[in-house]
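Structural characterization, general
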Amino acid sequence: MSPARARRRARDGAALLAVLALAGCAAVRDAPRLAYECPNGLSFEARLYQDMAMLDGQRGHVVLERLPHQREDELIYSDPTVIADFGLGVDRRLVRLSYTNIPEPVTCTRVAPADGQPHAPVRAAPRPGPRNPPPYDPNAPVETNIRTGDGDVGPG
């Protein structure tokens, strides 16, 4: 094989590898945003994960932890102020929000996608939700390559 042909083949292989790497990155997607409309003109978006739900609405952002000991099809998340039960109703388009300071639950309906496609089933993303890294601990032990004590420390 000629050197020019070998370089072309290597370049084509590198391009294919880059495309596959980008496709792999695209496969690790975030949970889909589910849009909901509630009574009194309120609306919010939710992203559901195995262990948490992230809600973004007109009144801010909230993270709800998933309640333990649920069946796979139960999507119940909570924090001290609200319990959100997703995937209710015949077509699983409803969410019931039960607030601690409001006596009746609020039922919201999932909004149809803008592209006119039918609703995908409501389910949690098959991975844990994004977490902030732990805060910096100045007293945490630091791993080094410095050895102490008696023993062979190498040549010399």
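Here, the structure is the one placed above.
The text that follows walks through the structure, step by step, so that each part is easy to find.

Scoring rules and cut-offs
Residues numbered from 1 in each chain as written. Predicted model: local features only at pLDDT ≥ 70, side-chain atom pairs only at ≥ 80, totals over all residues. Heavy atoms only, no water. Pairing = 2+ DSSP bridges. Helix = DSSP H or I, 4+ residues; strand = E, 2+ residues; numbered from the N terminus. Salt bridge = Lys/Arg side-chain N within 4 Å of Asp/Glu carboxyl O. Buried < 20%, exposed > 50% of the residue type's maximum accessible area, 1.4 Å probe, protein only. Core = buried A, V, L, I, M, F, W, Y, C linked by side-chain atoms within 4.5 Å. Contact = heavy atoms within 4.5 Å. Axes fitted to C-alpha atoms, helices over the stretch in contact; angles between N-to-C directions. 1 Å grid on protein atoms, 1.4 Å probe; cavity = no way out; pocket = protein on both sides within 12 Å on 5 of 7 lines; lining within 4 Å. Points joined across faces, edges and corners; volume = space filled by probe spheres on them. Nonpolar A, V, L, I, M, F, W, Y, C, P; charged D, E, K, R; others polar. Disulfide = S-S within 2.5 Å.

1. Focus: the pairing of strand 2 (residues 43–48)
Taken together, the four bridges between strand 1 (residues 34–37) and strand 2 define a ladder with antiparallel strand orientation. Opposite glutamate 37, over in strand 2, you have serine 43 as the bridge partner. If you look at the hairpin formed by strand 1 and strand 2, you'll find five residues sitting between the two strands, and asparagine 40 has a positive phi there, around 65°. Linking two consecutive strands that pair antiparallel, namely strand 2 and strand 3 (residues 52–57), is a turn of three residues.

2. Things to note about the pattern of salt bridges
A full pass over the atoms with the stated rule returns seven salt bridges. Between arginine 96 and aspartate 85 there is a salt bridge, with the nearest N and O atoms lying 3.2 Å from each other. In this pair, arginine 96 is assigned in strand 7 (residues 94–99) and aspartate 85 in strand 6 (residues 82–88), connecting sequence segments eleven residues apart. Residue classification places arginine 96 among the partly exposed residues on the basis of a relative accessible area of 34%. It is possible to trace a salt-bridge network through shared partners that takes in Arg33, Glu45, Arg47 and Asp56.

3. Some remarks on the environment of alanine 120
Here alanine 120 is to be found in the segment after strand 8 (106–110). Overall, alanine 120 belongs to the partly exposed group, its relative accessible area being 43%. In this structure the C-alpha to C-alpha distance between alanine 120 and leucine 34, which are 86 residues apart in sequence, comes to 9.7 Å.

4. Observations regarding the nonpolar core
With 19 residues, the main nonpolar core has Tyr36, Phe44, Leu48, Tyr77, Phe86 and Val95 as its most contacted residues. Taken together, the elements giving at least two residues each to this core come down to strand 1, strand 2, strand 3, strand 5 (75–78), strand 6 and strand 7. In this structure phenylalanine 86 touches Tyr36, Phe44, Ala46, Leu48, Leu55, Leu75, Tyr77, Leu94, Val95 and Val122, once residues within four positions along its chain are discounted. One finds Tyr49, Met52, Met54 and Ala125 within the second-largest nonpolar core, a separate group that totals five residues.

5. Quick look at the sheet that holds strand 8
Spatial strand order, 1-2-3-4-5-6-7-8: eight strands in a closed barrel with antiparallel pairing. Neighbouring strand axes in the sheet, compared pairwise and without regard to direction, differ in orientation by 30° on average. Looking at chain direction, strand 1 and strand 8 are connected through two bridges and run antiparallel. Within strand 8, the residue paired with glutamate 37 across the bridge is threonine 109.

6. Re the pairing of strand 7
The pairing of strand 6 with strand 7 spans six bridges and is antiparallel. Counted as the bridge partner of alanine 84 is leucine 97 from strand 7. With four bridges joining them, strand 7 and strand 8 adopt antiparallel strand pairing. Residue pairing across strands places arginine 96 opposite threonine 107, the latter belonging to strand 8.

7. Side note on the layout of surface pockets
Computed from the structure, the largest pocket encloses a volume of approximately 540 Å³. What lines the largest pocket is a set of 20 residues, and nearest its centre among them are Leu42, Phe44, Arg59, Leu97 and Tyr99. Contributions of two or more residues to the lining of the largest pocket are made by strand 2, strand 3, strand 4 (60–66) and strand 7. Of the residues contributing to the lining of the largest pocket, the split by class is eleven nonpolar, seven polar and two charged. Here the second largest pocket defines a volume of roughly 280 Å³.

8. Observations regarding the state of the cysteines
Such a bond, covalent and formed between the sulfur atoms of two cysteines, is termed a disulfide. In total, this model carries one disulfide according to the counting rule given. Between cysteine 38 and cysteine 108 runs a disulfide, and the two sulfur atoms are separated by 2.0 Å. Disulfide cysteine 38-cysteine 108: torsion about the S-S bond near 105°, hence right-handed. Pair noted here: cysteine 38 is in the loop between strand 1 and strand 2 and cysteine 108 is in strand 8, with a separation of 70 residues, a long-range link. Grouping residues by exposure puts cysteine 38 and cysteine 108 together as buried.

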